[in-house]
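The lines below spell out each chain.
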Amino acid sequence: MKRVYCGNVALEHEQKTVRLCGWVHRLRDLGGVTFLHLRDRSGLIQVVCDPKKVPEADEIHAEDVIEIKGKVSARPSDQVDERLHTGKVEVAAEKLTVLNRACNLPFSVEREELLPAEEMRLRYRYLDLRRPEMTAYMGLRHRMMHLGRNYLAEAGYWEIETPILARSTPEGARDFLVPSRQLKGKFYALPQSPQLYKQILMVSGMDRYFQWARCLRDEDLRADRQLEHTQIDIEASFADEKEIQTLVEGLFAVWSKELNGEEIKTPFPPMTYADAIERFGSDKPDIRNPLEIRTVTEKFTKSEFRIFAQVVEQGGTVRSLTLPDGARLSRKELDTIAEEVKPFGFPGVAWVKKTDGLLSGPLSKFTEGTDLKEGNLELCLGGKDAKNLNQAMGRLRDVCGKRLDLVDEADMAALWVTDFPMFELDEDSGRIVPAHHIFTSPRDEDLEYLEKDPLKVRGRLFDIVLNGWELGSGSVRCHDTELQKKLLKIAGLNPAHFDFFLKALEAGAPPHAGIGMGFDRIVAIYAGLDSIRDTIAFPKTTSGQGLMEGQPSGVEESQLNELGIKVRKIQEDHR
RNA sequence: GGAGCCGUAGUUCAGCUUGGUUAGAACGCUAGCCUGUCACGCUAGAGGUCGCGAGUUCAACUCUCGUCGGCUCCGCCA
């Protein structure tokens, strides 16, 4: 008898006998009759057991694995369960086979409202993934992967795999190293991204490539960062910015349509990096939030408001955020908002509001002639460190947008952030470092500054930003060997380390462009999640540990000997 | 590397502010009853190194310090 998925049982099966396999989700033993919800990947179905016919029903427990053969019937109209997808029907068990018993479990799979601590969920991930919510995220991820693959393949892109054991190169994040047994003292590196491989594939004439690529970076974790994450990696020969952007927009259009039945607005609007920082205080603005930041330094050049006047004297800037209808926020609420800028070193926020035609607040005496409208509130911060000030203003904008309910969470708003600088100054070392991606082609019109003033050079870079998440970074690559060498040198990197790549460029490299996008983040957005951990079957904790398997772990002395490795000191707690 | 929040039955939490009886609740679990439940109901019961270590104190779940673990953020992540 063919198996039917629990979630697929419907009125069409009425009076038919079906075979169901799954886990006992919830049991209601009424003595003379037992009801249970049977669960599999597809959903839940109610099974009715008469213990006289199926005595096994008295012996089952939550999460036992069972097989049911039984007849489908429509539920009486007063017993339809609206919350259940299969709530109109039920299955009367004729045979119940226990395929496997479940031990007493550390937490309950069936109680959505009693979500165990994330530590528990990670330790017993197989149970956590059984929760219908998590099962759905895995299903969503699969579907997005499948849709994406088909879309890219149809667009003429070939899926090509690149090595997991790669060469360590000095740029970028910290490498994960894998010791070589055959060549003791030498190491492979796990790839931070397939960047150089995919460019070399273009040199090889593969024309268009894509890959769902694992990227590994030994850096500290966050809600949106894992040691290993999955990138949709794309590269195309003889392509420019427009071609890559259009391709990506089409990909998101497919997802939005197939998953949400909605059109996503394309093309995604472009915004320069400078504009993003000036108006939103961030290079990854959530443009669903209509609030914009302004620079109001000139208002405080000779101001009586000492703090800001001092800032201006020292060459700093003052920036403001106007909140429509913000005057209704209480002092307490303003204090809560002000807390948000303390991590950036600001003791508080200066503000002024207009109610009943009157200005009030700490700034009210110093903002005469202001264009502040009735009911509005203006928040101001001043500082010397522009980057820090922007970050704080960006945070204020986010917090206020949420507090005033200005952001429609169901909305999707994507944009391209362009014209990033190629280089920036590292504050600590005073050295010039790559701002984004050193294999990017500089803009033609900025080439003249390359030697004189490299900080002025903009790259042909474009970041995709969706709902305030940076999803990925694309660029038109540098396919000129000499220029690439120059870029590496300016960034303080030794071209010798990239010899294999530079040689490949010399061998007839086509102009090419591409992008890499964080797939976990994209899934998180479509799933409405704040953390990418719930989109990954087996994620790591913020300290980089796998709690279920217990990793990283110690290894046998013999394994180390084989690799020619001696561990100097072992912290006892990490065994 | 730094800051913050959290850690108490199997699970989710209360108790800690102001140190002092036997550390409670809900769910789960065990046993029994129950023929239309769907958070089934009813009765009874078991279950705790209060993360770990040190200190203060006559006395620590409670106060202090350290440590381990989880989460959030800064640094870091081209």
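Residues numbered from 1 in each chain as written. Chains lettered and ligands numbered in written order. Predicted model: local features only at pLDDT ≥ 70, side-chain atom pairs only at ≥ 80, totals over all residues. Heavy atoms only, no water.

Chain A appears in an unreviewed UniProt entry as Aspartate--tRNA ligase from candidate division WOR-3 bacterium. Under Subcellular location (unreviewed entry), UniProt gives the following word-for-word description of chain A: "Cytoplasm". For the record of chain A, the UniProt heading Subunit (unreviewed entry) holds the text "Homodimer." (UniProt positions renumbered as here; feature names shortened; annotations may be inferred.)

Trainee: Explain the protein's contact with RNA strand B to me, please; I cannot follow it from the model alone.
Mentor: Near RNA strand B you find 53 residues, and of these R26, D29, R83, H436 and T542 are the closest. Take the atoms of RNA strand B that sit within 4 Å of the protein: sugar and phosphate atoms are 59% of them. Here a phosphate oxygen of RNA strand B and a backbone polar atom of G32 are 3.1 Å apart. (Near = heavy atom within 4 Å. Polar contact = N/O pair within 3.5 Å; in protein donor to acceptor, adjacent residues only side chain to side chain.)

Trainee: Is there a simple way to think about the packing of aromatic side chains in this case?
Mentor: The geometry of two aromatic rings is summed up by the distance between their centres and the angle between their planes. What the rule picks out here adds up to 16 aromatic pairs. Their ring planes at 75° and their centres at 6.0 Å tell us that F252 and F268 sit as a pair that is edge-to-face. With a gap of 16 residues between them, F252 in helix α5 (residues 241–260) and F268 in the loop between α5 and β11 (270–272) connect regions that are remote in the sequence. You'll find F252 and F268 in the same group, each marked buried. Between F268 and W416, the ring centres sit 6.0 Å apart and the planes meet at 35°, which makes this aromatic pair tilted. Separated by 148 residues along the polypeptide, F268 in the loop between α5 and β11 and W416 in strand β17 (residues 414–418) bring together distant segments of the chain. (Phe/Tyr/Trp six-rings, centres within 6.5 Å; stacked < 30°, edge-to-face > 60°. Helix = DSSP H or I, 4+ residues; strand = E, 2+ residues; numbered from the N terminus. Buried < 20%, exposed > 50% of the residue type's maximum accessible area, 1.4 Å probe, protein only.)

Trainee: I'm lost on the sheet that holds strand β6 (residues 158–159) in this one. Help?
Mentor: For sheets, the rule is that strands pair by backbone hydrogen bonds, running either parallel or antiparallel. Pairing in this open sheet of eight strands is mixed, and the strands run β6-β9-β10-β22-β21-β20-β17-β11 from one edge to the other. At either margin of the open sheet sits one strand with a lone partner, and together these are β6 and β11. Its contacts with the sheet put α5 on β9 (208–216), β10 (228–237), β17, β20 (461–466), β21 (469–476) and β22 (512–518), and the angle it makes with β22 is roughly 35°. Most of the contacts of helix α6 (residues 273–280) go to β11, to which it runs at about 80°, and overall it touches β11 and β17. (Pairing = 2+ DSSP bridges. Contact = heavy atoms within 4.5 Å. Axes fitted to C-alpha atoms, helices over the stretch in contact; angles between N-to-C directions.)

Trainee: I keep staring at the side chain of D175 and nothing clicks. Help me out?
Mentor: Inspection of the secondary structure puts D175 in the loop between β6 and β7 (177–179). A polar side-chain atom of D175 sits 2.7 Å from a polar atom in the side chain of S168. Apart from residues lying up to four places away in sequence, D175 is in contact with S168, T169, A189, L190, Q192 and D218.

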